[in-house]
Amino acid sequence: MFFRQLFEPETSTYSYLLGCERTQRAVLIDPVASEIDDYLELLQAANLRLIYTLETHVHADHITGSGLLREKLGSKSVVHRDGGAMCADLLVTGGVLLQVGDLEFEVRHTSGHTSGCVSYVMSDRVFTGDALLIGGSGRTDFQQGDAGQLYDSITGKLFTLPADTLVYPGHDYNGNTVSTIKQEIAKNPRLGGGKTRDEFIAIMQELKLAYPKFIDKALPANQSCGLVVE
Ligand code: FE
């Protein structure tokens with residue numbers, strides 16, 4: 001399997017390029033519009049054909065590259081049905097299996113950061129978007145966020161994965177690149193170490209985060225797959 005973790009520094013966003021070496025088919029998880037040229041170069045250098053862009057959710061902090069990639073390469077964009085991005089080609093729900101060459105992804109609905117958040121589960125790793133972060137979690141105060149729901153999603157649908165499953169998040173602000181389910185269950189300060197649902201909700205309520213810098217631009221744009229708009 002071809003695998004590359006890509007970082008966009010302005011919004012500390014991780015994107016992931018995965019390719020099947022037998023069929024040269026590829027997917028890109030959470031592409032960022034400003035990085036399109038890098039993706040095109042990378043795909044060409046690795047001789048990969050982009051089949052899908054997989055969104056973990058409709059982002060509030062950066063503009064997705066899914067629409068531009070669709071225009072340039074004919075890739076299809078995949079988003080959860082509840083994300084509110086009717087521009088997508090595939091509106092999926094939890095339990096859907098996506099097969100791209102020899103790569104297999106299970107869509108797991110991990111709502112709570114937004115109502116339409118999903119994680120993409122592979123046999124040895126999971127792409128958690130902004131649900132579970134390394135030593136953290138996504139915020140729950142915008143986009144139908146719900147702390148109780150996020151706790152249930154993470155503990156019920158991610159912490160139940162095999163302990164050595166690799167965790168690849170949608171962001172990291174501290175230079176971490178990868179974790180494991182075992183590490184997050186043990187050490188995640190918000191919901192690891194046996195933290196209860198009520199404790200998690202209280203922690204999230206007390207965060208007092210600033211209004212997201214790019215939300216007023218990013219949200220409407222991402223509801224149109226990143227193509228637009230004034
Ligand atoms: Fe987000």
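The structure displayed is predicted, hence computed values, not measured ones.

### With respect to unusual backbone geometry
Here's step 1: For Asn47, which is not a glycine, the phi torsion comes out positive at approximately 55°.
Here's step 2: Mapped onto the elements of the fold, Asn47 is located in the loop between helix H1 (36–45) and strand S4 (49–54).
Here's step 3: In the Ramachandran plot, Cys225 falls in the positive-phi region, its phi being about 60° despite a non-glycine side chain.
Here's step 4: Assignment of secondary structure puts Cys225 in the segment after helix H6 (215–222).
Here's step 5: Since its relative accessible area comes to 3%, Cys225 is described here as buried.

### So, the sheet that holds strand S1 (residues 2–8)
Here's step 1: Spatially, six strands are ordered S1-S2-S3-S4-S5-S6 in an open sheet, and the strand pairing comes out mixed. Strands with a single pairing partner mark the edges of an open sheet, and in this sheet they are S1 and strand S6 (90–92). For this sheet, the mean inter-axis angle between neighbouring strands, taken without regard to orientation, is 20°.
Here's step 2: Relative to strand S3 (residues 25–29), strand S2 (residues 13–19) runs antiparallel, the two sharing four bridges. Opposite Leu18, over in S3, you have Val27 as the bridge partner.
Here's step 3: Set on the sheet, helix H2 (residues 66–73) makes contact with S3, S4 and strand S5 (76–80); between it and S4 the angle comes to about 155°.

### Remarks on the coordination of the iron ion
Here's step 1: Donor atoms from the polypeptide that bind the iron ion are His57 (NE2), His113 (NE2) and Asp130 (OD), placed at 2.0 to 2.4 Å.
Here's step 2: One chain supplies every donor to the iron ion, and in sequence these donors are spaced H-x55-H-x16-D. With His113 in the loop between strand S8 (103–109) and strand S9 (118–121) and Asp130 in the loop between strand S10 (125–129) and strand S11 (132–133), the pair connects residues that are 17 residues apart, well separated along the chain.

### Here's the deal with the sheet that holds strand S13 (residues 166–169)
Here's step 1: If you walk across this open sheet you meet the six strands as S7-S8-S9-S10-S13-S14, and the pairing is mixed. Each having just a single partner strand, strand S7 (97–100) and strand S14 (179–180) make up the two edges of the open sheet.
Here's step 2: Packed on one face of the sheet, helix H3 (residues 147–158) meets S8, S9 and S10 and runs near 140° to S8.

### So, the packing of H3 against helix H5 (residues 197–205)
Here's step 1: Remark: H3 packs on H5, axes separated minimally by 9 Å, with the N-to-C direction vectors making an angle of 130°. As summarised for this structure, H3 and H5 are arranged oblique, according to the angle between their axes. Considering the relative orientation of H3 and H5, their crossing is right-handed. For the pair formed by H3 and H5, the contact residues are Ala147, Gly148, Gln149, Leu150, Tyr151 and Asp152 on the first element and Arg197, Phe200, Ile201 and Met204 on the second.
Here's step 2: Looking at the contact of H3 with H5 residue by residue, the class counts come to six nonpolar, two polar and two charged.

### Some details on the pairing of S9
Here's step 1: Across the two faces of S9 the burial is the same, with Val118 and Tyr120 and Ser119 and Val121 all buried.
Here's step 2: Inspection of the sheet shows S8 paired to S9 by four bridges, in the antiparallel sense. Bridge pairing in S9 links His109 to Val118.

### Quick look at the nonpolar core
Here's step 1: If you look at the biggest cluster of nonpolar residues, it comprises 21 residues, and the most contacted ones within it are Leu18, Tyr52, Leu54, Leu98, Phe105, Tyr120 and Phe127.
Here's step 2: Once you skip the residues sitting within four places of it in the chain, Tyr52 turns out to touch Ala26, Val27, Leu28, Ser75, Lys76, Val78, Leu90, Leu98 and Val100.

### Quick look at the side chain of Thr128
Here's step 1: Its location among the elements puts Thr128 in strand S10.
Here's step 2: A residue is classified by how much of its surface remains accessible, and Thr128, at 0% relative accessible area, is buried.
Here's step 3: Within the structure, the side chain of Thr128 is placed 2.6 Å from the backbone oxygen of Leu132, a separation counted as a polar contact.

### Some remarks on the state of the cysteines
Here's step 1: Applying the stated rule across the entire model yields one disulfide.
Here's step 2: Each sulfur of the disulfide joining Cys87 and Cys225 lies 2.3 Å from the other. An S-S torsion of about 90° defines the bridge between Cys87 and Cys225 as right-handed. One end of the pair, Cys87, is in the loop between S5 and S6; the other, Cys225, is in the segment after H6, and 138 residues separate them in sequence.
Here's step 3: The cysteine Cys117 is free of any disulfide, with Cys87 supplying the nearest cysteine sulfur at 16 Å.
Here's step 4: Given a relative accessible area of 2%, Cys117 falls into the buried group.

Calculation criteria
- Residues numbered from 1 in each chain as written.
- Predicted model: local features only at pLDDT ≥ 70, side-chain atom pairs only at ≥ 80, totals over all residues.
- Heavy atoms only, no water.
- Helix = DSSP H or I, 4+ residues; strand = E, 2+ residues; numbered from the N terminus.
- Buried < 20%, exposed > 50% of the residue type's maximum accessible area, 1.4 Å probe, protein only.
- Pairing = 2+ DSSP bridges.
- Axes fitted to C-alpha atoms, helices over the stretch in contact; angles between N-to-C directions.
- Contact = heavy atoms within 4.5 Å.
- Donors = N, O, S within 2.8 Å, 3.2 Å for Na, K, Ca; no water.
- Parallel < 35°, antiparallel > 145°, perpendicular 65-115°, else oblique.
- Left-handed = near helix turned anticlockwise from the far one by under 90°.
- Nonpolar A, V, L, I, M, F, W, Y, C, P; charged D, E, K, R; others polar.
- Core = buried A, V, L, I, M, F, W, Y, C linked by side-chain atoms within 4.5 Å.
- Polar contact = N/O pair within 3.5 Å; in protein donor to acceptor, adjacent residues only side chain to side chain.
- Disulfide = S-S within 2.5 Å.

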